[in-house]
Protein chains: 2
Amino acid sequence: MTSLAALKSAAAVSERDMANAIRALAMDSVQKANSGHPGMPMGMADVATVLFGRFINIDPTAPDWPDRDRFVLSAGHGSMLQYALHHLLGYEDMPIEELQRFRQLGSRTAGHPEHGHALGIETTTGPLGQGISTAVGMALAERMLAARYGADLVDHHTYVIAGDGCLQEGISHEAIDLAGHLKLSRLIVFWDDNAISIDGPTSLSTSMDQPARFKAAGWRVQSVDGHDMEAVAAAIEAARRSDRPSLIACRTVIGKGAPNLGGSEKTHGAPLGDAEIAATRQNIGWAHAPFEVPDEILSAWREIAERGRAARRAWERRLAASPAREDFERALSGKLPDAVFEALDAFRREHVEKATKVATRKASEMALAAINGATELTVGGSADLTHSNLTITKGMDRIAPDDYAGRYIHYGIREHGMAAAMNGIALHGGFVPYGGTFLCFADYARGAMRLSALMNQRVVYVMTHDSIGLGEDGPTHQPIEHLAMLRATPNLNVFRPADIIETAECWELALRSETRPSVLVLSRQNLPMLRQAHGHENRSGRGAYVLREPSTHRAVTLIATGSEVEIAVAAAERLEAEHGIAAAIVSMPCWELFEEQDADYRKSVLGSAPRVAVEAAARLGWDRWIGDTGAFVGMTGFGASAPAPDLYKHFGITPEAVAAAALKLII
Amino acid sequence: MTSLAALKSAAAVSERDMANAIRALAMDSVQKANSGHPGMPMGMADVATVLFGRFINIDPTAPDWPDRDRFVLSAGHGSMLQYALHHLLGYEDMPIEELQRFRQLGSRTAGHPEHGHALGIETTTGPLGQGISTAVGMALAERMLAARYGADLVDHHTYVIAGDGCLQEGISHEAIDLAGHLKLSRLIVFWDDNAISIDGPTSLSTSMDQPARFKAAGWRVQSVDGHDMEAVAAAIEAARRSDRPSLIACRTVIGKGAPNLGGSEKTHGAPLGDAEIAATRQNIGWAHAPFEVPDEILSAWREIAERGRAARRAWERRLAASPAREDFERALSGKLPDAVFEALDAFRREHVEKATKVATRKASEMALAAINGATELTVGGSADLTHSNLTITKGMDRIAPDDYAGRYIHYGIREHGMAAAMNGIALHGGFVPYGGTFLCFADYARGAMRLSALMNQRVVYVMTHDSIGLGEDGPTHQPIEHLAMLRATPNLNVFRPADIIETAECWELALRSETRPSVLVLSRQNLPMLRQAHGHENRSGRGAYVLREPSTHRAVTLIATGSEVEIAVAAAERLEAEHGIAAAIVSMPCWELFEEQDADYRKSVLGSAPRVAVEAAARLGWDRWIGDTGAFVGMTGFGASAPAPDLYKHFGITPEAVAAAALKLII
């Protein structure tokens, strides 16, 4: 499609023409799909053309080149902006036919940009505020990787286009504060300031002085006319020289180019309609048929890609010559060294022998010491609960403004921002992020946790204080429904280990799970070591297993997770001692992995005897495992404030209650 | 305990002594409990003393007096500040014995302040940022009620103490922006600026210029030394005269008074220890034994309560003389007029006859028109999705800055802030709030939704676009795990109506549910009317019911909710026509209500034939209803971007698939 003649004439193509190509592709694709959002791509076409045309270094033929600039379309509903750009730049998976199949089953052009679904989509966006917050993690990872490998190998920017929605969402506050604090100068955010949201003018709901707000967070702020390309370019130049993250507030007209609807919320989320599209063609001087881009304009866009390709090749030469090459490539591969898993195996052996009795949050800290000692890829952090989550280990220096050589991030009281930043760190590559908060505050992080799962990212959530076992802090801090919420989430492994051994096993599984995030659900209170011997097999790896098989035929099977396995064991002892009843104990640290086992294994674990499940949480979901004849001992409402042992008694989650439930089933 | 002599000498008591009483009670209670947070109450004791001593109008003997000032301890971990105040002010449920039982089972003094658990706790706090955001709803409700009933009856302030955690959380951004926009001048927030969070100095994680940030949001900002009582008083005076919400940044020392630990994060969340407590007594000149407050100091505090009592009595006289009395009392009672329910009954009759086929979101809009026409207590809104959620009805004027006479709130792109504001509106009294967003973005609102449930508040969440049926927007917008997440939440009714009739029924149930929040889960796509005749009985009220009973003995029972009931009906017809198999259809709009029915009813609905459930969502939880021999047709992973009919086919949620699953069970 790109002829030599076209390449030569590309110089004559104006940036305005190039921007109009985006406008035309966006409005035509949305019209054809009869679904989508033309207003934003048309409004931001000029900014995007300057950004990509003059600044961004990406190579469509090597979309994962590590030192590429990152582009994040935080206002993900404007996906046609990104697809139009990708088509124009020549991504091989984005021929014009894909734009013609916008929002259709099996196309690359999903309603919102989805990481992994089309080349070059750096992160999934759509839920507002996620993109900008994920970008903070990317920009931080860039600085951290640069601290390790130097500017020769790591020297790129993260560019974000965000809309009013992104900036109204609470998560943006967490992200902006963190980025400003850490002086992430390679982060440049364009605010599509079109003064329109879905309900109408933004003045319906906000009076925020956004520039002042960003300045308060330590950002450099510039304001420009988003249709004045030289002004946009000058602002980007200045932003690239800043020692702080930058906001470029771009005053734009939503649906720019549409003569009747431009500037109205009507262009936001619906096709313009044939008449307005025709009028727009006239208005912007775009005489070409739908989905037709003249060769010279296409060539001008492809030249941009050439610039990126040249940059990529120069970088590859630097990498080839670098003494750090091997380390760098290993880090970027995400492969953890065998030493990590050997250390965990040794750890398990040691603590089986010692029968170490600790809280699983403490066990996690101890396992992390082994892990972090064996690799530098792991990067820890907590949402201001470091010494409760026990997420820091010896020798981990903190990441600080202008000092990115450390491995520990004080995320602040920002669960949602932390989760999104971890997504960004994982997506960027070079690190394996984990971060802590209380399980109950998974509520605050839900939006970003879901994206970890949807994007297949290895992000490890360390969530402690996992039940009424946290005691006095009371019902606002005691998770009830959170296990069900997380277990119901697709592509997320929820681990609730019962003792120090399972904790180490679950950590291993989380680290090995390269395309699935994990949640480690950990106790505040001490728990005994329950395993009877060391074996190299990671028993938690099958999701559930028989921890104790009685010497005689099972009369009942007691199933439990985490801190309640101890209770099940005590119940079994009671049943045996007082009633001569043989109870098997099944520990079930990970439902998802158990669900993936073959039917024979599952049957061998669950057995055919009646089952009692015990978990200090909501019942929802447990019927799958206990069946029609089973019983559940757990929570039926919110918790309360009291010392943990009192609460377990008060809510009837005790060996006595489990034994009684078992007896009721048998007799 | 308060003698006349003590009352007389109270004038001689200094405010510093009064503040030290709070300090002593806080440190002693935490020490006795061996659990809790002394740092914040000690740091904010001076501010609280000035605020309560000179300004707040509350009456401990009438804690629910409608025109009282509202006090919200957003930094809820500092609960001992509130309990100490309540004891000193003379709340009857807060004798000294309760402070001695801080954080013990059954005490009033829960770890964090819990609404309904002790008198005068205006809202439950602990999850950071919730208090300040709920207070925005209270302050808005005050203005709205004043617009209806005048300053004679409604004229009070909402005071908030917030910490660094509250202001770092994203929800605070949503709340602050909304409050500034709406010019909620009766809202006064004290920021406990002690520069300490759990991990250490706040400089570990933030560089935010909070005063500048609040100014950017349109707030009046003052900064004072939080231990300079005259400065605090002057700032409150000025704030009360402001035409905008106010932040008073109070520079404080955490654990103020503790000579060695004061100013350190060590005072945040742990007892000071006997030695430091003794040193503190010495340091602040508090010679009294633990839990002993001298009569003159107690009397000084009780005089404050007298001021509130006098204000309350004056208000009662105004109310008695007011022509609006009856209306006002009805509004505050929260009782909806019978006309609402009569209108809904007529609505159902009409649409059964017409067999109206609309999306349930549209049905909700139509039902709302009937409801809002019959009462003025309902106040609607949406997180910038008004014309998608269909939450506005004819004649609803919008709430605007300086104009609070309307009934519709443009909450902006702020799901979490909206949910918290609705909690505040409900807690304040005088209104029944409902608000809309997409079901998927329940993720963003989780923190506050949980508190609706924990606080027994009638808040109605209108959550549309409830499955892959939303189509092209794709997996970021398609709920999968959200029904399980909400159903697992205690004290929350989750309604997923199947047609226009069930939608009206579920609205009725939500409005009648005075101590439980509701979520209405509604379709984007059209759904047929399925009911065969009108009856006065609200069939959704039993949670599930037999929608179609075959004329011959059931061979299979098909259970479904919402948009999948139509699919189940089609499957039943197919089974009958093609295989002569008699299938019953159970519609199950509300699991929670079904769970509450007696066993006989449940059995009669579920039947003894094999069961197939169909729901375009995660399976988790469904095994409870389908049993060991049942089958589930639904989602097994995330959705995709495509037109809805294509997605239903793609994911195999079709009459064919349901019929096939049924056949497999039977044959």
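Under the annotation held in an unreviewed UniProt entry, chain A carries the name Transketolase and is attributed to Mesorhizobium plurifarium. Within the UniProt record for chain A, the comment given under Catalytic activity (unreviewed entry) is "D-sedoheptulose 7-phosphate + D-glyceraldehyde 3-phosphate = aldehydo-D-ribose 5-phosphate + D-xylulose 5-phosphate".

Asks: Which residues make up the overall build of chain A, and what are the values?
Replies: In terms of regular secondary structure, chain A is built from 26 helices and 20 strands. Relative to the globule expectation of 26 Å for 667 residues, the C-alpha radius of gyration of chain A, 28 Å, shows essentially globular dimensions. A buried classification covers 69% of the 667 residues belonging to chain A. At a minimum sequence separation of 6, the contacts of chain A that also span at least 24 residues come to 78%. Carbon and sulfur atoms make up 48% of the accessible area of chain A, which amounts to about 20,400 Å² in all. Computed over 65 positive and 81 negative side-chain charges, the inter-centroid distance for chain A is 2 Å.

Asks: Any chance you could break down the UniProt feature "site: Important for catalytic activity" (unreviewed entry) in chain A for me, citing the residues and the numbers?
Replies: Residues annotated in UniProt with the feature "site: Important for catalytic activity" (unreviewed entry) correspond here to His37 and His268 of chain A. Their sequence span is 232 residues, while the largest C-alpha to C-alpha distance among them is just 5.3 Å; these annotated residues converge on one region. Inspection of the secondary structure assignment puts His37 of chain A in the loop between helix H2 (15–33) and helix H3 (39–55). Judged by its relative accessible area of 11%, His37 of chain A falls in the buried class. For His37 of chain A, the contacting residues outside a window of four places in its chain are Val30, His77, Gly78, Arg103, Thr267, His268 and Gly269 of chain A together with Asp473 of chain B. For His268 of chain A, the contacting residues outside a window of four places in its chain are Gly36, His37, Pro38, Gly39, His77, Ile198 and Ile254 of chain A.

Asks: Please provide a residue-by-residue account of the domain arrangement of chain A, values included.
Replies: Entries for chain A in the domain assignment read domain 1 (36–316), domain 2 (338–521) and domain 3 (542–666). Here domain 1 of chain A and domain 3 of chain A have C-alpha centroids that lie 51 Å from each other.

Asks: Which residues make up helix H18 (residues 442–454) of chain B, and what are the values?
Replies: The axis of H18 of chain B is deflected most strongly, by about 45 degrees, at Ala448 of chain B. After H18 of chain B finishes, the residue Asn456 of chain B shows a positive phi value of roughly 60 degrees.

Asks: I'd like a rundown of the relation of the copies chain B and chain A, residues and numbers included.
Replies: Taken as rigid bodies, chain B and chain A are interconverted by a rotation of 180 degrees and an axial shift of 0.0 Å, the fit giving an RMSD of 0.0 Å. Taken together, the rotation and translation describe the operation of a two-fold axis. The overlap is high: 100% of the interface residues of chain B also sit at the interface in chain A, so the same surface is used on both sides.

Asks: How would you sum up the UniProt feature "binding site: Mg(2+)" (unreviewed entry) in chain A? Please name residues and give values.
Replies: Residues and elements named next belong to chain A. In this numbering, the UniProt entry assigns the feature "binding site: Mg(2+)" (unreviewed entry) to Asp164, Asn194 and Ile196. In summary, the annotated positions, though distributed over 33 residues, converge in three dimensions, the widest C-alpha pair being only 7.9 Å. Topologically, Asp164 is positioned in helix H7 (residues 164–168). The buried category is assigned to Asp164, whose relative accessible area is 9%.

Asks: Break down the pattern of salt bridges for me, citing the residues and quoting the values.
Replies: Across all of its chains, the model carries 88 salt bridges over all chains by this definition. With a closest N to O distance of 2.7 Å, Arg624 of chain A and Glu595 of chain A form a salt bridge. Linking Arg624 of chain A in helix H24 (residues 623–626) with Glu595 of chain A in helix H22 (residues 591–595), this pair joins segments that are 29 residues apart in sequence. Between Arg496 of chain B and Glu615 of chain B there is a salt bridge, and its shortest N-O distance comes to 4.0 Å.

Asks: Account for the interface of chain B and chain A, with residues named and values stated.
Replies: Interface size, as often reported, equals the accessible area lost upon joining of the parts. In this assembly, 97 residues from chain B lie in contact with 98 residues from chain A. Across the interface of chain B and chain A, roughly 8,000 Å² is buried in total on both sides, 57% from carbon and sulfur atoms. At the boundary of chain B with chain A, the tally comes to 10 salt bridges. Connecting chain B to chain A are 55 residue pairs in polar contact (both at pLDDT 80 or more).

Asks: Describe the environment of Gln525 of chain A, listing the residues and the values that go with them.
Replies: All names here are of chain A. Mapping Gln525 onto the fold places it in the loop between strand E14 (518–521) and strand E15 (526–527). Sequence separation between Gln525 and Glu342 is 183 residues, and the spatial gap between their C-alpha atoms is 28 Å. Setting aside chain neighbours within four positions, we find Gln525 in contact with Ala359, Thr360, Ser467, Gly469, Ser563 and Tyr648. Among the polar contacts made by the side chain of Gln525, one reaches the side chain of Tyr648 at a distance of 3.4 Å.

Asks: Describe empty space enclosed by the protein, naming the residues involved and giving the relevant values.
Replies: Going through the model one piece at a time under the given rule, you end up with seven cavities of 30 Å³ or more. Taken as a whole, the largest cavity holds about 130 Å³ of empty space. What lines the largest cavity is a set of 13 residues, and nearest its centre among them are Glu174, His416 and Tyr444 of chain A together with His416 and Tyr444 of chain B. For the lining of the largest cavity, the secondary structure elements donating two or more residues are helix H8 (170–181) of chain A together with helix H8 (170–181) and H18 of chain B. Of the residues contributing to the lining of the largest cavity, the split by class is four nonpolar, four polar and five charged.

Asks: Please give an account of the packing of aromatic side chains that cites residues and values.
Replies: Residue and element names in this part refer to chain B. Tallied over the entire structure, the rule returns 30 aromatic pairs over all chains. Taking 6.2 Å as the distance between ring centres and 25 degrees as the angle between the ring planes, the aromatic pair formed by Phe438 and Phe441 counts as stacked. Judged on exposure class, the residue Phe438 and its partner Phe441 are both buried. When the ring of Phe594 is compared with that of Tyr601, the centres are 6.3 Å apart and the planes differ by 70 degrees; the resulting orientation is edge-to-face. Neither Phe594 nor Tyr601 differs from the other in exposure class; each is buried. We note Arg512 situated over the ring of Phe341; from NZ or CZ to the ring centre the distance is 3.8 Å.

Asks: Go over the pairing of strand E1 (residues 70–73) of chain A with me, naming the residues and quoting the values.
Replies: Residues and elements named next belong to chain A. Neither face of E1 is open: one carries Arg70 and Val72, the other Phe71 and Leu73, and all of them are buried. Where E1 lies against strand E2 (residues 158–162), four bridges are found, and the strand directions are parallel. What sits directly across from Phe71, in E2, is Tyr159.

Asks: A description of unusual backbone geometry should follow, citing residues and the corresponding values.
Replies: If you check the backbone angles, Ala195 of chain A has positive phi at about 60 degrees while not being a glycine. Looking at the element boundaries, Ala195 of chain A is found in the loop between strand E3 (187–193) and strand E4 (196–197). By relative accessible area, Ala195 of chain A is classed as partly exposed at 23%. Phi at Lys183 of chain B is positive, roughly 55 degrees, even though this residue is not glycine. By secondary structure assignment, the location of Lys183 of chain B is in the loop between H8 and strand E3 (187–193).

Asks: Go over the nonpolar core, please, and point to the residues and values.
Replies: Leu187, Trp219 and Trp507 of chain A together with Leu187, Trp219 and Trp507 of chain B are the most contacted members of the largest nonpolar core, which has 225 residues in total. Setting aside its immediate chain neighbours within four residues, Leu187 of chain B contacts Ala135, Val136, Ala139, Thr158, Val160, Ala179, Trp219, Pro245 and Ser246 of chain B.

Asks: I'd love a proper account of the confidence of the model for chain A, names of residues and values included.
Replies: Of all residues in chain A, 98% have pLDDT values of 70 or greater, and the mean over the chain is 97. The ipTM value of the predicted complex is 0.97, and its pTM value is 0.98.

Asks: Kindly report on the pairing of strand E6 (residues 220–225) of chain A, identifying the contributing residues and their values.
Replies: Note on strand geometry: in a regular strand, side chains alternate between the two faces of the sheet. Residue and element names in this part refer to chain A. Relative to strand E7 (residues 246–251), E6 runs parallel, the two sharing six bridges. Within E7, the position partnered with Val224 by the bridge is Cys250. For the crossover that starts at E6, traverses helix H10 (residues 229–241) and ends in the parallel E7, the hand is right-handed.

What counts and what doesn't
Residues numbered from 1 in each chain as written. Chains lettered and ligands numbered in written order. Predicted model: local features only at pLDDT ≥ 70, side-chain atom pairs only at ≥ 80, totals over all residues. Heavy atoms only, no water. UniProt positions renumbered as here; feature names shortened; annotations may be inferred. Helix = DSSP H or I, 4+ residues; strand = E, 2+ residues; numbered from the N terminus. Rg over C-alpha atoms; globule rule 2.2 N^0.38 Å. Buried < 20%, exposed > 50% of the residue type's maximum accessible area, 1.4 Å probe, protein only. Contact = heavy atoms within 4.5 Å. Areas by Shrake-Rupley, 256 points an atom, 1.4 Å probe, with all protein chains shown as cover. Lys, Arg positive; Asp, Glu negative; His and termini not counted. Charge placed at Lys NZ, Arg CZ, Asp CG, Glu CD. Domains from an automatic or database assignment. Bend = angle between axes of the 7 residues up to and from the residue. Least-squares fit on C-alpha atoms with pLDDT ≥ 70 in both. Salt bridge = Lys/Arg side-chain N within 4 Å of Asp/Glu carboxyl O. Buried area = accessible area lost by both parts, 1.4 Å probe. Polar contact = N/O pair within 3.5 Å; in protein donor to acceptor, adjacent residues only side chain to side chain. 1 Å grid on protein atoms, 1.4 Å probe; cavity = no way out; pocket = protein on both sides within 12 Å on 5 of 7 lines; lining within 4 Å. Points joined across faces, edges and corners; volume = space filled by probe spheres on them. Nonpolar A, V, L, I, M, F, W, Y, C, P; charged D, E, K, R; others polar. Phe/Tyr/Trp six-rings, centres within 6.5 Å; stacked < 30°, edge-to-face > 60°. Lys NZ or Arg CZ within 6 Å of the ring centre and 35° of its normal. Pairing = 2+ DSSP bridges. Core = buried A, V, L, I, M, F, W, Y, C linked by side-chain atoms within 4.5 Å. pLDDT = per-residue confidence, 0-100. Right-handed = clockwise from strand over helix to strand, strands pointing away.

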